[in-house]
Amino acid sequence: RKKLRRRASATAMVSVAFSRACGLLLGLVAAAHALRLTPTSPMLATRRTGATSTAAFGRTRVAVALFGDKARREAEERARVEAEQEALNAKWAKESQNELLLMTVFGVGTSLPVIYLLYIALTGEGGGGAGVY
């Protein structure tokens, strides 16, 4: 009987370890899938160089500006995107500061009555009434 119990507990421990490992693996796969960047992602669109086909053939691509000043246009676009991002960051920082102030005021405002009641209970300055026995 003891061998059966040991074997059953060992089997249970292995199955629990296996289920935890599968859960961890599924969690990692889900996280990787959620963080995967799509080809239409703005992050990839600004950094796309077109070097994907050249790697397959072993050639290097030479940037030739046949249709205008491509580098200048890309630099202007990057500067515009960075300026927009900085404006959004400033806006979000201001909103976060306002929310922090609001939460602080709310927390202090709601804790003042509790602090007052504790003061009255501990000092006994109630002027009568039923005491705590």
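Owing to the predicted nature of the structure, the values given are computational and were not obtained by experimental measurement.

Regarding the overall build of the protein
No. 1: Counting its secondary structure elements, the protein contains 4 helices and 0 strands.
No. 2: Going through the 133 residues of the protein one by one, you find that 2% of them count as buried.
No. 3: Here the protein displays about 12,600 Å² of accessible surface, and carbon together with sulfur accounts for 66% of that area.

Some details on a nonpolar patch on the surface
No. 1: A surface patch of nonpolar side chains, about 280 Å² in accessible area, is lined by V108, L112 and I115.
No. 2: Positionally, V108 belongs in helix 4 (residues 70–123).

So, the pattern of salt bridges
No. 1: Scanning the model with the defined rule gives 4 salt bridges in all.
No. 2: Of the charged contacts in the structure, one is a salt bridge between E84 and R80, with a shortest N-O distance of 2.5 Å. With E84 and R80 both in helix 4 and 4 residues apart, the pair spans about one turn of that helix.
No. 3: The exposure class assigned to E84 is partly exposed, which follows from its relative accessible area of 42%.
No. 4: Here the residues in one salt-bridge network are D69, R72 and E76, joined through shared partners.

Description of helix 4
No. 1: Across its 54 residues, helix 4 extends 78 Å between first and last C-alpha, which sits within 8% of the 80 Å expected from 1.5 Å per residue.
No. 2: A maximum bend of about 30° is found in helix 4 at L112, where proline P113 lies one to four positions downstream.
No. 3: Of the residues one or two after helix 4, G124 is the one with positive phi, at around 80°.

Considering the confidence of the model for the protein
Low-pLDDT stretches of the model should not have their predicted coordinates read in fine detail.
No. 1: Across the protein, the average pLDDT comes to 75, with 62% of residues at or above 70.
No. 2: Between residues 44–48, whose pLDDT stays under 50, and residues either more than four places distant or in other chains, the model counts 4 contacts.

Thresholds applied
- Residues numbered from 1 in each chain as written.
- Predicted model: local features only at pLDDT ≥ 70, side-chain atom pairs only at ≥ 80, totals over all residues.
- Heavy atoms only, no water.
- Helix = DSSP H or I, 4+ residues; strand = E, 2+ residues; numbered from the N terminus.
- Buried < 20%, exposed > 50% of the residue type's maximum accessible area, 1.4 Å probe, protein only.
- Areas by Shrake-Rupley, 256 points an atom, 1.4 Å probe, with all protein chains shown as cover.
- Patch = residues over 30% accessible without salt bridge, like charges linked within 9 Å, V, L, I, M, F, W, Y side chains within 5 Å.
- Salt bridge = Lys/Arg side-chain N within 4 Å of Asp/Glu carboxyl O.
- Expected span 1.5 Å × (residues − 1).
- Bend = angle between axes of the 7 residues up to and from the residue.
- pLDDT = per-residue confidence, 0-100.
- Contact = heavy atoms within 4.5 Å.

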